[in-house]
Every structure is written in structure tokens, then in C-alpha cells.
Amino acid sequence: MREIRSGALTGAARPSVRRLAPALLVALGTLAATPRTAVAADTDPVNPIARAHFYVNPGTHAARQAADWRRSRPQDAALMERIARQPQATWFGEWNRDVRADVNGLVSAATAQGAVPVLVAYNIPQRDCGQHSAGGSRGADGYRRWIRAFAAGIGGRRAVVILEPDATMVTDCLSAERRAERFRLLGEAVDALKAAGATVYLDAGSPTFGRHDEMAERLQAAGIERADGFALNVSNFIATPRAIAAGEQLSRRVGGKHFVIDTSRNGAGTADGHNWCNARGQALGHAPTTQTGHRLVDAFLWVKHPGESDGTCNGGPAAGGWWADYALGLARAAR
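A few points on the structure. Since the model is a prediction, treat every value here as computed from it, not as a measurement.

1. Topic: the nonpolar core
Okay, step 1: Counting residues in hydrophobic clusters, the biggest one holds 54 residues, and the most contacted among them are L119, F150, I154, L163, L193, L219 and F230.
Okay, step 2: Counting residues in each nonpolar core, the second largest holds 23 residues, with M80, A84, L328 and A334 among its members.

2. Digging into the pairing of strand 3 (residues 160–163)
Here is the key point about a regular strand: its side chains alternate between the two faces of the sheet.
Okay, step 1: Here strand 3 shows a buried face lined by V160 and I162 and a second buried face lined by V161 and L163.
Okay, step 2: As paired strands, strand 2 (residues 118–121) and strand 3 are joined by four bridges and run parallel to one another. Note on strand 3: the bridge partner recorded for A121 is L163.
Okay, step 3: Judged from the four bridges that link them, strand 3 and strand 4 (residues 199–203) form a sheet pairing that is parallel. In the sheet register, V161 faces strand 4, and the bridge partner there is V200.

3. Concerning the packing of helix 2 (residues 74–84) against helix 8 (residues 324–334)
Okay, step 1: Where helix 2 contacts helix 8, the axes come no closer than 9 Å and their chain directions differ by 80°. The pairing of helix 2 with helix 8 is recorded here as roughly perpendicular in orientation. Packed against helix 2, whose contacting residues are D76, L79, M80 and I83, the element helix 8 presents A324, A327, L328, A331 and R332 at the interface.
Okay, step 2: Residues belonging to the contact of helix 2 with helix 8 are distributed by class as follows: seven nonpolar, no polar and two charged.

4. Considerations on unusual backbone geometry
Okay, step 1: In the Ramachandran plot, Q126 falls in the positive-phi region, its phi being about 55° despite a non-glycine side chain.
Okay, step 2: Along the polypeptide, Q126 turns up in the loop between strand 2 and helix 4 (140–154).
Okay, step 3: A positive phi is found at N233, a non-glycine position, where the angle reads about 75°.
Okay, step 4: According to the relative accessible area criterion, N233 is buried, its value standing at 0%.

5. Some details on the state of the cysteines
Okay, step 1: If you walk through the whole model with that rule in mind, you get one disulfide.
Okay, step 2: With a sulfur-sulfur separation of 1.7 Å, C277 is cross-linked through a disulfide to C313. Here the disulfide of C277 and C313 is left-handed, its torsion about the S-S bond being about -70°. Of this pair, C277 sits in the loop between strand 6 (258–262) and strand 7 (297–301) while C313 sits in the loop between strand 7 and helix 8, and the two are 36 residues apart along the sequence.
Okay, step 3: Using a relative accessible area of 9% as the deciding quantity, one classes C277 as buried.

6. Comments concerning the sheet that holds strand 4
Okay, step 1: Read across the sheet, seven strands follow the order 1-2-3-4-5-6-7 without closing on themselves; strand pairing throughout is parallel. One side of each edge strand has no neighbouring strand; the edge strands of this open sheet are strand 1 (90–92) and strand 7. Taking each pair of neighbouring strands and ignoring which way they run, the sheet shows an average axis angle of 25°.
Okay, step 2: Two elements, strand 1 and strand 2, share three bridges in a ladder whose sense is parallel. By the bridge assignment for strand 2, T90 is matched with L119.

7. Remarks on the environment of V103
Okay, step 1: Summarising the element assignment, V103 is placed in helix 3 (residues 99–112).
Okay, step 2: Expressed as a C-alpha distance, the spacing of V103 and A149, which sit 46 residues apart in the sequence, is 8.8 Å.
Okay, step 3: If we skip the residues at most four places from it in the chain, V103 touches F92, L119, F150, G153 and I154.

Reading the values: rules and limits
Residues numbered from 1 in each chain as written. Predicted model: local features only at pLDDT ≥ 70, side-chain atom pairs only at ≥ 80, totals over all residues. Heavy atoms only, no water. Core = buried A, V, L, I, M, F, W, Y, C linked by side-chain atoms within 4.5 Å. Buried < 20%, exposed > 50% of the residue type's maximum accessible area, 1.4 Å probe, protein only. Helix = DSSP H or I, 4+ residues; strand = E, 2+ residues; numbered from the N terminus. Pairing = 2+ DSSP bridges. Axes fitted to C-alpha atoms, helices over the stretch in contact; angles between N-to-C directions. Parallel < 35°, antiparallel > 145°, perpendicular 65-115°, else oblique. Contact = heavy atoms within 4.5 Å. Nonpolar A, V, L, I, M, F, W, Y, C, P; charged D, E, K, R; others polar. Disulfide = S-S within 2.5 Å.

Set out below in C-alpha cells:
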């Protein structure tokens, strides 16, 4: 996943796949800010986050950029504000010196507003096979301590966790022993997060992975039966209809599990699975919502932050670095 670093309350995003209700095809210019109050007390037994209002972090790069440009570049500031007012996930990894405190701070801020935060756990050992987002915990025991601290920060409150983007898809760099260890760690993480009260979606990579039987086996080895579902398209650009089609295929192979889709940058949907790194000509996708029009899709989420680089490719800064011009391009195309 091509993403990296940021403080816990500034919304670190990761560095770095058929049918939709017509009402969902809304122009970005008509999107309203997500309400921050009154999370429904009742939850759907099938969709555990139905009717959730997701937390809007006021400290994202887009929010700060909009404030900086308000007087000097008002039109660009307005475009940036359309990104800033949407709920976006917060990423946690080895850059968090005290992950328990940082998770607790975010969840507390969201809970105070009656909102549900979306968190990304991104610290699996040998993350990203040494590519743009290389890093992660130094070993299995270190990861176990880290994920337990992460779970303790949630502390029984309502939260959505996207668990370890790319961890099930990017495994070719691992020996058979290390691959088995990774799946064990993911299963233990599912258990720790569920015990802390989180709604957990185990990442299933890109919708273009294609090998549904193989991915299903990996998800089963990683404890998908104990998770709430899986996540697709994180930090990718694949159009929502194609992601739904892939999710349907995978769901059939893992007991009918539901899934969520990262729609932060898939509004154009013209990039293929090989063009994942700061792909040109893309656009913001569907605003985050649990009203997806599909019985298997629990939510559209903005997991990747629009405007945060996938890596040093196509003129971008290092993974996770803020790239205001790229964010503007996504917003302009969505108009």
C-alpha cells in the first residue's frame, strides 16, 4: 500500500478493485459535510456499521491547505475544502511512539462528537516487501505488543479498523515460514481488535488481483471468519463497479462476508492494477457512506487521503508526503 507517516490526529494515510444505485452517482460539488452527531445506537446484525456517522478529522493536510489558501487562492481553497470536509481514515504504524495513547486520542475525539472513527493498522513485519512503503514492526513479538496496545487504545468504544493493507496480497517476498507467521499474526490481530470492540475489515488488496480462490485461502488463513469482513481497493484507483464485482466473487469464497471499498480516488476509474502509483487523470470517488445500494458493501470509505503521495513516482514526493497539486487535480476532475 503506498502510504506513510503522520501524527495520529493529523490523519496519516497510507502510502501506497456492479451495480450501483443511481442516487450514488453524485457530483462532488453537491456533497454535504458528514454529520458529526448522533451515532445510531442500533446496529444492523449483517452490516455492523449501518447508519454510522464517520468522524471528520479537522487536522488533515487538506484542511490545513484550504485554510492557507482561503485568502490568496479562494477557488482552490474551495476545492480543497471539499476534500477536507469528508471523513477519512487515520493510519497508525511504527511512526507512532505511543500507539495506545494515539489511538485513544483519536477514538476519544470521535466519541465526543458522537462519530465513528476509521483507523488503519499498518505495521505488519516486512511491510510492502521493501517497496515504497517499506517498514513495519521488526518482528512477530514486537507486532503482537503493538497490536495489543492499538486495541487497548480503542478500549471497548465504537471504531472501524482496516487491518494491514497489502498484508495478504504482497507476500511473494516472504519464505513459507514467514508467510505462515504473517497469517498467524493477522489472525491474532483480528482477535485482539474484536475483543476491544472494533469492527474489523481484513484487507484483501486490489480488485485486480484476480485469483479469487487464492485470496480466499489467504483470508481464511488470516482469520476472516472472525473478522466482520474484508476491504478492497485501499490506495488504489479501480472503479467502484469493478471493485464490487471482485468483492462479490471473493465473498462467495469466504462464507458470504461483507466488504468495504476505498473510493477516495476512484472517481475516474481509468487506472489499471499496474498503474497504482500517483496515477494521472484520476478523480475523487463516492463520498464515504454506509448507504451503498448493495447488500454486501457495508461502506464506501476514504481510506487513502486524496493528495497524499503513493511514492516517488510520476513526480510525487515520498510515500505519504502531501502533494497539493495532485489533490487539486482529483477535486477538479470530480467536478
